[in-house]
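# Coordinate analysis (summary)
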Amino acid sequence: IVPNLHPARRLVGGGSNGAHAIGILTGLPGGEFQKRFSSYFLWEGGYTLRDPKALTGQHLLICWWDKSLKPRLAPLAAQAKATKVDTETIEMAGVGHEFPAEYYPKFRDWIQRKVLYFGLEEASAALDASMKACRWGASCQALRDVLDCADDTCPQWPKAQDALKSAIAEANAKGTTI
């Protein structure tokens, strides 16, 4: 675990036996494992996850080969969805016990939407609204939220930088600090 990584951006994933280990760890008493991560990736394994409720409110991606673990993992995915776990699946047709490069874009998309940039649109909208209303405290919080989940490749990044400059200029004009 990278200790200074934002808790909402921590992902744990495993394939085959690694996924089984994650399933077992989420079932340990006390929920310590779930406190460390917000997102989970299980590839061709993980049916050892006995109670998906342990991941309520978190993100889960389950991948399987169509002729392998689908009978075990598809019901697990359905159970997780029913218990309010944000669950997505990828069925990898005809690939065997592999994770071929042709599925990397789907996996990358999930990581960007659910881990790296999750909450960015909402934070950006809150920043816009608070800046328009000249609510500087709320603007600073929204700015922190945007910068927590944006990087310089996101279109929200320059907007957040401009918002920061505007807030500083407004505070300076009023003789206050932000």
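About the thresholds
- Residues numbered from 1 in each chain as written.
- Predicted model: local features only at pLDDT ≥ 70, side-chain atom pairs only at ≥ 80, totals over all residues.
- Heavy atoms only, no water.
- Helix = DSSP H or I, 4+ residues; strand = E, 2+ residues; numbered from the N terminus.
- Rg over C-alpha atoms; globule rule 2.2 N^0.38 Å.
- Buried < 20%, exposed > 50% of the residue type's maximum accessible area, 1.4 Å probe, protein only.
- Contact = heavy atoms within 4.5 Å.
- Areas by Shrake-Rupley, 256 points an atom, 1.4 Å probe, with all protein chains shown as cover.
- Lys, Arg positive; Asp, Glu negative; His and termini not counted.
- Charge placed at Lys NZ, Arg CZ, Asp CG, Glu CD.
- Pairing = 2+ DSSP bridges.
- Core = buried A, V, L, I, M, F, W, Y, C linked by side-chain atoms within 4.5 Å.
- Disulfide = S-S within 2.5 Å.

Turning next to the overall build of the protein chain. Scanning the protein chain from N- to C-terminus turns up seven helices and four strands. Taken from the N to the C terminus, the helices and strands of the protein chain come in the order β-α-α-β-β-α-β-α-α-α-α. Compactness check: the protein chain gives a C-alpha radius of gyration of 20 Å against a globular reference of 16 Å for 178 residues, more than 25% above the reference. Evaluated residue by residue, the protein chain yields a buried proportion of 42% over its 178 residues. Restricting the contact set of the protein chain to residue pairs at least 6 apart, pairs at least 24 apart contribute 61%. Just so you have it, the protein chain exposes about 9700 Å², and 57% of that area is on carbon and sulfur atoms. Of the side chains in the protein chain, 21 bear a positive and 19 a negative charge, and the two mean positions are spaced by 5 Å.

Burial analysis of strand β3 (residues 59-65) places six of its seven residues in the buried class, which makes it a mostly covered element. Sheet topology places strand β2 (residues 39-43) next to β3; five bridges connect them, and they run parallel. Bridging across to β3, tyrosine 40 finds its partner in leucine 60. Here seven bridges tie β3 to strand β4 (residues 86-92), and the two strands are oriented parallel to one another. Each residue of the ladder has a partner; that of leucine 60, found in β4, is threonine 87.

A few words on unusual backbone geometry. If a residue is not glycine, its phi is most likely negative; likewise, a peptide bond is most likely trans. Within the chain, serine 16 stands out as a residue other than glycine whose phi angle is a positive 60 degrees. Mapped onto the secondary structure, serine 16 falls in the loop between β1 (11-15) and α1 (17-26). Even without being glycine, glutamate 44 reaches a positive phi, approximately 50 degrees. The topology assignment puts glutamate 44 in the loop between β2 and β3. Judged by relative accessible area, glutamate 44 falls into the buried class, the value being 1%.

Formed by 18 residues in total, the largest nonpolar core has its most connected members in Tyr40, Leu60 and Ile62. Contributions of two or more residues to this core are made by α1, β2, β3 and α3 (70-82). Per-element accounting of this core gives the leading share, four residues, to α3. Setting aside chain neighbours within four positions, we find tyrosine 40 in contact with Leu11, Val12, Ile22, Thr26, Phe33, Gln34, Leu55, Gln58, His59, Leu60, Leu61 and Trp110.

What follows covers the state of the cysteines. Tallied over the full model, the rule gives zero disulfides. Summary of cysteine pairing: cysteine 134 is not part of a disulfide, and the nearest cysteine sulfur, belonging to cysteine 140, is at 13 Å. Overall, the relative accessible area of 41% leaves cysteine 134 in the partly exposed class.

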